[in-house]
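Here are the chains, one letter per residue:
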Amino acid sequence: MMIEFDHVIKKYNDFTLDLNMQIPKDRIIGLIGANGAGKSTTFKLILGLIHPDQGSVKVLDRTAQDLKPEQKQEIGTVFSDSGFSEYLKVNQLIPVMKRFYPDFREEEFAERCEKFQIPRNKQIRDFSTGMKAKLNVLLALSHGSRLLLLDEPTAGLDVVAREEILDLLREYMEIPGRSIVVSSHISGDLEHFCDDLYMIHEGEIVLHEETDRILEEYGFLKVTEQEYEALDKEYLLRVRKEPFGYSCLTDQKHYYLENYPEIVVEKGSVDEVITMLVKGETL
Amino acid sequence: MSGLLAKDMELLKINMKTYLAVFLIGFMYLIVQKNGSTFFVYYSIFVSIGVSVGTISYDAYHHGMNYLMTLPVTRKQYVWSKYLLGFCFAAVTGMAALLIGILKVQVTGNQEMQDLLISAGVSMILAGMILCGTIPLRLKYEAEKSRIIMVAAAAALFLLVAVCREGYNIYKKGFVRGFEFLERISGWQTACLLIVLLMICTAVSVKVSERIMERKEF
């Protein structure tokens, strides 16, 4: 396992994060949730920046808080709101990165900076939000890490830049034995990129599923009140009252398609599934 | 840890012009004043403390510490890098200022060389003591708060000295007996005593800073 959360609890004044999660090799894991759901806290626990109140977090077979510099060299990190001092220039970061990471690939990094039009002789504070985001990802990819932790890496990026970054990450995953944990509050970013999705809501995992299964098996039944009464409710996850009757979320779409051919079954996007999971009623 | 020091050196380079301008003010005082060498050495060393400790604030801007602690360093190494930078920068700056001061004394002959050397030594010890107080404070609190605490600590120290002085006047004989040993020790022995005191302070300060960093959540 790359990362293991064993019954981890982290409490703040009015917020509790409660996680049990395993992240294996060769997987891209997406963390989805609204702002304040607990995504950044999850990353901070993985990196040992904060200490769990209960349970333990293991990263690369070591307790997160005891990670040695050698293990940290195998981790690339991106935070949307943090990085090297913004008073520095990219050219100044190169000798610093060389000192931190013996495997820092200077030429590749310089080529990518050119490709993504990142100025090397300008202070980072003068960069646009998109440039900063790209630079952070390029730095994380520059030293041959085998685990990437990306907290909102595409925040502030336009569609083209976002796709370019996702392409870089796909290229990174071509080498076996690597994993990525990536968070976003825009699930569309992760829908076609991640193997697994974890949905975090108010500090708890409300959904863990393979992305393909969400897209293939999850669906919305649009039913009238009479149809709803006659429906087998065993495979319904959430229900919401609608003007026409009920909208029901299921993770067994094909069961209803086969057994209730008269009812409307719609394919839901990840965003719609999440909204229903959060706002719908449990049966 | 070399990565952290490399980063700090790059940060120092950014404001080099400002620092040089500040040093120039001291240098002008050195030229103009008859006995300016002592002031110049003190001034340079204390400016260097501000500069090196200031890198902690640079690290903290824009949640920078979150990112720094994800790099291949331990929290202890971060602490050590700050002490190393602070002491080395003060030593290098102090030596450079002392050499310039000596040159001035040689050229003008206005000041006793021995006085200058003693002043330089005392200022280095004092600078070390200040670093021992400032670094843990800066690690624990943000820049503004740590400055307030430092000023409060200095005020408390002055108050303590004033109380001791009053106490000395009242219990003169007792005090004199207590400090009689000072009259018997030579200048070199005093210097060694101060160096040992500084080493103890540094060891305690490093331990306190390590503890602050270990407990800190980012």
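Predicted, not measured: the structure shown is a model, and the values here were computed from it.

Next up on the list: the packing of aromatic side chains. Throughout the structure, instances matching the rule amount to 13 aromatic pairs over all chains. Residues Tyr87 of chain A and Tyr58 of chain B carry aromatic rings whose centres are separated by 5.1 Å and whose planes lie at 90° to one another, so their mutual orientation is edge-to-face. In this pair, Tyr87 of chain A sits in the loop between β6 (75-79) and α3 (90-100) while Tyr58 of chain B sits in helix α3 (residues 36-60), so the two residues belong to two different chains. Ring geometry for Phe27 of chain B and Phe40 of chain B: centres 6.1 Å apart, planes at 70°, overall edge-to-face. With Phe27 of chain B in helix α2 (residues 16-32) and Phe40 of chain B in helix α3, this pair connects stretches of sequence that are 13 residues apart. Take Phe27 of chain B: its relative accessible area is 32%, and that puts it in the partly exposed class. Lys233 of chain A extends its terminal NZ or CZ atom over the ring of Tyr228 of chain A, reaching a point 4.7 Å from the ring centre. A cation over a ring is seen here: Lys241 of chain A above Tyr246 of chain A, with NZ or CZ 4.9 Å from the ring centre.

Next up on the list: the layout of surface pockets. Residue and element names in this part refer to chain B. Considering only enclosed or pocket space, the largest pocket measures out at about 450 Å³ in volume. Together, 14 residues line the largest pocket, and Leu117, Ile118, Gly121, Val122 and Ala191 are the ones closest to its centre. Grouping the amino acids of the lining of the largest pocket by side-chain chemistry returns ten nonpolar, four polar and no charged.

Let's shift gears to helix α4 (residues 106-115) of chain A. Residues spaced three or four apart along an α-helix point in a common direction, a consequence of the helix completing one turn every 3.6 residues. Residues and elements named next belong to chain A. Among the residues of α4, Phe109, Ala110, Arg112 and Cys113 are the ones counted as buried. For α4, the angular spread of buried residues about the axis comes to 165°, placing them on one side. For α4, the exposed residues lying more than 90 degrees away from the buried face are Glu107, Glu111, Glu114 and Lys115. One or two residues past the end of α4 sits Gln117, with phi positive at roughly 55°.

With that settled, consider the interface of chain B and chain A. With 29 residues of chain B at the interface, the matching set in chain A holds 29 residues. Taking both sides of the interface into account, the surface hidden between chain B and chain A amounts to around 2,700 Å²; carbon and sulfur atoms contribute 62%. Here Glu217 of chain B and Lys10 of chain A are joined by a salt bridge, their closest N and O atoms 3.0 Å apart. Linking chain B to chain A there are twelve residue pairs in polar contact (both at pLDDT 80 or more). Put simply, the parts of the chain that give the side of chain B that touches chain A at least two residues each are α1 (2-14), α4 (64-68), α5 (75-108) and α10 (187-215) of chain B. The element best represented in the side of chain B that touches chain A is α1 of chain B, accounting for nine residues. Residues that form the side of chain B that touches chain A fall into these classes: twelve nonpolar, nine polar and eight charged.

Glancing now at the sheet that holds strand β13 (residues 245-250) of chain A. Residues and elements named next belong to chain A. Strand order in the open sheet made by the four strands is β12-β13-β11-β14, with antiparallel pairing throughout. What marks the edges here is a single partner per strand, and that holds for β12 (236-242) and β14 (264-267). The mean inter-strand angle of the sheet, taken between neighbouring strand axes irrespective of direction, is 25°. Pairing analysis gives six bridges linking β12 to β13, with the strands arranged antiparallel. Along β13, the bridge assignment pairs Val239 with Cys248. On top of the sheet, helix α11 (residues 270-279) reaches β11 (219-223), β12, β13 and β14; it is set at about 85° to β12, its chief contact.

What counts, and at which threshold
- Residues numbered from 1 in each chain as written.
- Chains lettered and ligands numbered in written order.
- Predicted model: local features only at pLDDT ≥ 70, side-chain atom pairs only at ≥ 80, totals over all residues.
- Heavy atoms only, no water.
- Phe/Tyr/Trp six-rings, centres within 6.5 Å; stacked < 30°, edge-to-face > 60°.
- Helix = DSSP H or I, 4+ residues; strand = E, 2+ residues; numbered from the N terminus.
- Buried < 20%, exposed > 50% of the residue type's maximum accessible area, 1.4 Å probe, protein only.
- Lys NZ or Arg CZ within 6 Å of the ring centre and 35° of its normal.
- 1 Å grid on protein atoms, 1.4 Å probe; cavity = no way out; pocket = protein on both sides within 12 Å on 5 of 7 lines; lining within 4 Å.
- Points joined across faces, edges and corners; volume = space filled by probe spheres on them.
- Nonpolar A, V, L, I, M, F, W, Y, C, P; charged D, E, K, R; others polar.
- Arc of directions from axis to C-beta.
- Contact = heavy atoms within 4.5 Å.
- Buried area = accessible area lost by both parts, 1.4 Å probe.
- Salt bridge = Lys/Arg side-chain N within 4 Å of Asp/Glu carboxyl O.
- Polar contact = N/O pair within 3.5 Å; in protein donor to acceptor, adjacent residues only side chain to side chain.
- Pairing = 2+ DSSP bridges.
- Axes fitted to C-alpha atoms, helices over the stretch in contact; angles between N-to-C directions.

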